[in-house]
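Residue strings, one per chain:
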Amino acid sequence: MISGGWVCALHVRTAGLGGAALGSDEEEVVYLAYIVIDVSNNQVIGEREYAVRPTRRPSEELQTGQPLEVVVQQFDEFARSLQVDPHSPLFRLVTDGQPPLRQCLHPEACSKELTLPAHYARFHDLRKEFMRAYALRAVPPPEPTALQDMLTYLGIPPYTGDNFYAAEVKDMASVIRRIISDGFRLELPETVDLVLETGICSKDDEIDGNCIVRARGLPWQSSDQDIAKFFRGLNVAKGGVALCLSPQGRRNGEALVRFVSQEHRDMALKRHKHHIGPRYIEVYRASGEDFLSVAGGATCEAAAFLSRGAQVIVRMRGLPYDATPAQVLDFFATGDDPVQVLDGAEGVLFVRRADGRATGDAFVLFSKEEDSPKALSRHRKLIGQRYIELFRSTTAEVQQVLNRSLEPRTPASTPAAPAPAEGLLPVALVPQHVITSGTAKDCVRLRGLPYEAQVENILTFLDEFAKNIVVQGVHMVYNAQGHPSGEAFIQMDSETSAFLCAQQKHHRYMTFGKKQRYIEVFQCSGDDMNLVLTGGVTPATSPKVLSPGTLVSPPPPAPRLLAQHIAHQSLLARQHENLLLASMRPPPTMLPVLPTYQIRSPSPAPQYQLQQFLPQPVVPITNKRSYERAFTQTTEAPPAKRQYLPPQLAPSMSLPMGLSYGTSTPIFSYANTSPAMLSYANALQAGLPAAMPAGYGTALSAALPPTMTTPFPATFSMLQSMYPYYPGV
């Protein structure tokens, strides 16, 4: 209660919105006005107006103004010149509502790393004081929504002078003087909490669901103090910041914040899409159940650990499984800037699973805020052969990590991955047991993936190259603890696809939620992939590092039957392809024949037409070729053949056929080892003599050039001969 002393009416303007939306657009303060009133005689003893120069968006009209810190200092000097001590408990600021201080001055000072004087942390809300003073009248006033409502109720004429900018602060001074003259005192002080207090929350606590918000898009390294700074000016409840963790135990960029009242929650919602550095933060309503599910503790061990009164909690990650409290104490006590752990070994809490196994995480307590930078300076220092990651933590995170570590880990509790987007290959829905091998570089290795990334995110990142992935060809790499390692291997359908994918996707960005990570993409071989995925052993003996798939799948074939299994699947695929291509061929009127052929020789050989002997052919059977090359009729010239290589320079490979057929463009080389072509050749050998006129073999031999020593046979037995296959032809 203020029965004497001084009150100061404070009016704030920004470069953006005013009224109820003041401060919601994150614009800077450009104008401050003060009127000091002596409560003892109810007289105005001083007035001041200041133009504030913005720094983020300089304005030509405000170049004569001063920076905010200079203006604040100038007013303190002015108050002292009036024989008024602004730091005295008898001095109070009065504002028209909450936004001028809570939504404007304090957030801007925090973002600019300015320290406001202590009297800016205590003030009176004129609207609340007005309602308290006149609520018991016969005709109580309505809830004021603007300063004009109070002037109308009290019958005070508004200011009509020439100084337009000072009109509002002068009207505020008129209302304050009327309240004092009517015998009332300012009795409802407001405070601004500048320090976030730690606290423990139990799952049995009752939480007001109207005081909770969810902040999304936070930097992953944000601590509870950083989140409290984002909401500076608003009072966060004790222990009211709970950082959310992903299923892998890492921070996911979200936090639940509990405020002291619904009024502060409503003002927090107006900070939707305000910024922390370059990142904008989304703010939404949340429920009390949401907060308890994250911050509520269920273990006495956590409550006893957190009740030691520490100001700083640091999370250690990557510890050896056999690490001891003595090693942790020595880790912080040695080297540059040693720091002491609160209560020695009692200030170290190792996180263990329900069966007692260590997880490699621990929490450490420190007594003072000054210990935080000293402790965090040891980030990525070594304990033994392992580097240790350090993060500023919270009481809610301690309880959340401990609660999760004690949950039984069963396959039924593992959430299923969402279905892949339409148009993407359903690679994630099949078991991934078969791993390729060999030295052909038909695979790519992805490194730097977000730990939360799923197979569908990888397919989206690869974009047009996703169609070149073989079935069951996406392999996520997990570490020994079963956590994602940020790497994946992709089996492509050819070395060319792998090369183009690595060339065009290397160092491109993957968007995951609000995060963007650049991904390293390398071309590699099946042996390289096999070595990393299996640790140098067969997949059946090391399943822990493979992507486990998302559906229950049959067990993999035994190692000795793996080759037969792969061969059988390949044979079924070829048979299906042959049937498909055969169904696309028009029905023949007779046995199809090959009317023209080319003899491979060092020089381009002429084509010999047999149209006088053979009927009009149909499109020949195609196999192992794309549908476009096999069935699309084009007018382009046939592709030039590569130069013939002597047998001694290129090892030959016997195949049933080595001819190039081409009655119509496009002409394509044909080489097939499937049984379908042998039966086709047998049918030609049996059917062609009956369809050819007598003496066709002799006539053809006479037409051949003398370079061919072997006459054309009387039958087509040559179709079953073995011709050498030269690479590249």
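Above this text is the structure in question.
Residues numbered from 1 in each chain as written. Predicted model: local features only at pLDDT ≥ 70, side-chain atom pairs only at ≥ 80, totals over all residues. Heavy atoms only, no water.

Caption draft 1: Focus on the overall build of the protein. Helix and strand counts for the protein stand at 19 helices and 26 strands. Long-range contacts, defined as pairs at least 24 residues apart, comprise 72% of the intrachain contacts of the protein with a sequence gap of at least 6. (Helix = DSSP H or I, 4+ residues; strand = E, 2+ residues; numbered from the N terminus. Contact = heavy atoms within 4.5 Å.)

Caption draft 2: Representation of the packing of helix α4 (residues 147-154) against helix α5 (residues 167-181) in the model. One can describe the packing of α4 onto α5 by two numbers: an axis separation of 10 Å at closest approach and a directional angle of 45°. Considering the angle they form, α4 stands oblique to α5. The interaxial crossing formed by α4 with α5 has left-handed handedness. Two secondary-structure elements touch here, α4 through L147, M150, L151 and L154 and α5 through E168, D171, M172, V175 and R178. The residue inventory of the contact of α4 with α5, partitioned by class, reads 6 nonpolar, no polar and 3 charged. (Axes fitted to C-alpha atoms, helices over the stretch in contact; angles between N-to-C directions. Parallel < 35°, antiparallel > 145°, perpendicular 65-115°, else oblique. Left-handed = near helix turned anticlockwise from the far one by under 90°. Nonpolar A, V, L, I, M, F, W, Y, C, P; charged D, E, K, R; others polar.)

Caption draft 3: Spatial organisation of the pairing of strand β4 (residues 91-95). Counting buried residues along β4, 5 of its 5 residues qualify, which places the element largely inside the surrounding structure. Alternating residues of β4 divide into F91, L93 and T95 and R92 and V94, and every residue in both groups is buried. Here strand β1 (residues 6-14) pairs with β4 via 4 bridges, running parallel. For V7, the partnering residue across the bridge sits in β4 and is R92. Direction of pairing for β4 relative to strand β5 (residues 122-125): parallel, over a ladder of 3 bridges. Along β5, the bridge assignment pairs T95 with D125. (Buried < 20%, exposed > 50% of the residue type's maximum accessible area, 1.4 Å probe, protein only. Pairing = 2+ DSSP bridges.)

Caption draft 4: Structural view of the sheet that holds strand β20 (residues 484-492). One open sheet accounts for 5 strands, arranged β19-β20-β18-β22-β21; its pairing is antiparallel. This sheet does not close on itself; its edge strands, each paired only once, are β19 (469-478) and β21 (508-512). Neighbouring strand axes in the sheet, compared pairwise and without regard to direction, differ in orientation by 30° on average. Pairing geometry for strand β18 (residues 443-447) and strand β22 (residues 515-524), over 5 bridges, is antiparallel. When the bridges of β22 are listed, R445 appears paired with F522. The strands that helix α13 (residues 455-462) touches are β18, β19, β20, β21 and β22; relative to β19, the one it contacts most, it runs at about 120°. Contacts between helix α14 (residues 495-505) and the sheet are confined to β18, β20, β21 and β22, with β22 contributing the most and set at about 145° to the helix.

Caption draft 5: Representation of the packing of helix α3 (residues 126-134) against α4 in the model. Closest axis-to-axis distance for the α3/α4 pair is 11 Å, and the angle between their directions is 25°. Here α3 is positioned roughly parallel relative to α4, judged by the angle of their axes. Read as a crossing pair, α3 and α4 show a hand that is left-handed. Contact residues: α3 offers L126, R127, F130 and Y134, while α4 offers L147, M150, Y153 and L154. Residue classes in the contact of α3 with α4 are distributed as 7 nonpolar, no polar and 1 charged.

Caption draft 6: A look at the pattern of salt bridges. Taken as a whole and judged by the stated rule, the model has 25 salt bridges. Measuring nitrogen to oxygen at the nearest pair gives 2.8 Å for the salt bridge that ties D355 to R357. Ionic contacts of the salt-bridge type, sharing partners, join the residues R102, K128, E190 and E263 into one network. (Salt bridge = Lys/Arg side-chain N within 4 Å of Asp/Glu carboxyl O.)

Caption draft 7: Local environment of the sheet that holds strand β12 (residues 312-317). Here we have 4 strands laid out as an open sheet, ordered β13-β14-β12-β17, and antiparallel in their pairing. Two strands lie at the open edges of the sheet, namely β13 (348-352) and β17 (389-392), each paired on one side alone. For this sheet the average axis-to-axis angle between neighbouring strands, irrespective of direction, equals 25°. As judged from the 4 bridges shared by β12 and β17, these two strands associate in the antiparallel manner. Bridge pairing in β17 links V314 to R392. Sheet contacts for helix α10 (residues 325-333): β12, β13, β14 (358-366) and β17; angle to β13, the most-contacted strand, approximately 125°. Sheet strands touched by helix α12 (residues 395-405): β12, β13, β14 and β17. Its angle to β13, the strand with the most contacts, is close to 35°.

Caption draft 8: Local environment of the environment of A304. Within the element layout of this structure, A304 appears in helix α9 (residues 300-306). Note: C-alpha distance between A304 and E346 (42 residues apart in sequence) is 10.0 Å.

Caption draft 9: Fine view of α12. Of all 11 residues in α12, 10 are buried; the element is thus mostly enclosed. Of all the residues in α12, the buried ones are T395, A396, E397, V398, Q399, Q400, V401, L402, N403 and S405.

Caption draft 10: Representation of the pairing of strand β9 (residues 251-259) in the model. Counting buried residues in β9 gives 7 out of 9 residues, a clear majority hidden from the surface. As paired elements, strand β7 (residues 212-216) and β9 share 5 bridges and run antiparallel to each other. Paired with I212 across the bridge in β9 is R258. Two strands pair when backbone bridges link them, and strand β8 (residues 236-245) and β9 are joined in this way by 5 bridges, in the antiparallel orientation. Within β9, the residue paired with V236 across the bridge is F259. Where β8 folds back on β9, the antiparallel hairpin that results is connected by 5 residues, among which G249 adopts a positive phi of roughly 85°.

Caption draft 11: Spotlight on the side chain of R122. In this fold, R122 is placed in strand β5. Here R122 sits buried without a salt bridge, and the closest side chain of opposite charge, D85, lies 7.8 Å off (N-O distance). Residues within four places of R122 in sequence aside, it is in contact with P86, H87, S88, P89, F91, R92, L93 and E190. (Lys, Arg positive; Asp, Glu negative; His and termini not counted.)

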